[in-house]
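In case you want the letters, here they are:
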Amino acid sequence: PGRLALMTGRGTSMEPVIKPGDVVIVDTQCQHFDGDGVYVIDAGRGLQIKALQDRGDGLWVVSANPTYPAFRAADD
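Let me begin by describing the structure that accompanies this report. (Residues numbered from 1 in each chain as written. Predicted model: local features only at pLDDT ≥ 70, side-chain atom pairs only at ≥ 80, totals over all residues. Heavy atoms only, no water.)

Core analysis: the largest hydrophobic core is formed by six residues, namely Met-7, Met-14, Ile-18, Val-24, Val-26 and Ile-49. If sequence neighbours within four positions are ignored, Met-7 has contacts with Asp-22, Val-23, Val-24, Val-26, Val-40, Leu-47 and Ile-49. (Core = buried A, V, L, I, M, F, W, Y, C linked by side-chain atoms within 4.5 Å. Buried < 20%, exposed > 50% of the residue type's maximum accessible area, 1.4 Å probe, protein only. Contact = heavy atoms within 4.5 Å.)

Attention now goes to the pairing of strand β2 (residues 23–27). Consecutive residues of a regular strand have side chains that alternate between opposite faces of the sheet. Burial along β2 is one-sided: the residues Val-24 and Val-26 are buried and none of Val-23, Ile-25 and Asp-27 is. Sheet topology places strand β1 (residues 4–8) next to β2; five bridges connect them, and they run antiparallel. Of the residues in β2, the one forming a bridge with Leu-6 is Ile-25. (Helix = DSSP H or I, 4+ residues; strand = E, 2+ residues; numbered from the N terminus. Pairing = 2+ DSSP bridges.)

Glancing now at the pattern of salt bridges. Counting across every chain of the model gives one salt bridge. As a salt-bridge pair, Asp-27 and Arg-3 come within 2.5 Å of each other at their nearest N and O atoms. On the criterion of sequence distance, the pair formed by Asp-27 in strand β2 and Arg-3 in the segment before β1 is long-range, its members being 24 residues apart. Take Arg-3: its relative accessible area is 39%, and that puts it in the partly exposed class. (Salt bridge = Lys/Arg side-chain N within 4 Å of Asp/Glu carboxyl O.)

What follows is about the packing of aromatic side chains. Throughout the structure, instances matching the rule amount to one aromatic pair. Lying over the aromatic face of Tyr-68, Lys-50 brings its terminal NZ or CZ to 5.8 Å of the ring centre. (Phe/Tyr/Trp six-rings, centres within 6.5 Å; stacked < 30°, edge-to-face > 60°. Lys NZ or Arg CZ within 6 Å of the ring centre and 35° of its normal.)

Looking now at the sheet that holds strand β5 (residues 59–62). Two orientations exist for strands paired in a sheet by backbone hydrogen bonds: parallel and antiparallel. Here four strands make up an open sheet; going across it, the order is β3-β4-β5-β6 and the pairing antiparallel. Edge positions in the open sheet fall to β3 (37–42) and β6 (71–72), since each of these has one partner strand only. As paired elements, β5 and β6 share two bridges and run antiparallel to each other. Within the sheet, the bridge partner assigned to Val-61 lies in β6 and is Phe-71.

For Gln-48, the location among the structural elements is in strand β4 (residues 47–54). The residues touching Gln-48, leaving out its near neighbours within four places in the chain, are Tyr-39, Val-40 and Ile-41.

Right, here's the structure in full:
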């Protein structure tokens, strides 16, 4: 119970998967990439809910909404 937190989605980058105002449950114990999935990250732009994908040439930060381009995550 102490490792779970609620977070409210804002913005449109993860639509239609997560809509503005949707509440998501976050496992705060996950501090590393553990396979493709949806994570809460800070890629220098504040906390964001994004999909992370290992595309072979690095880890990519991906939005569900195709109008937001994917970008390669920094190595750190």
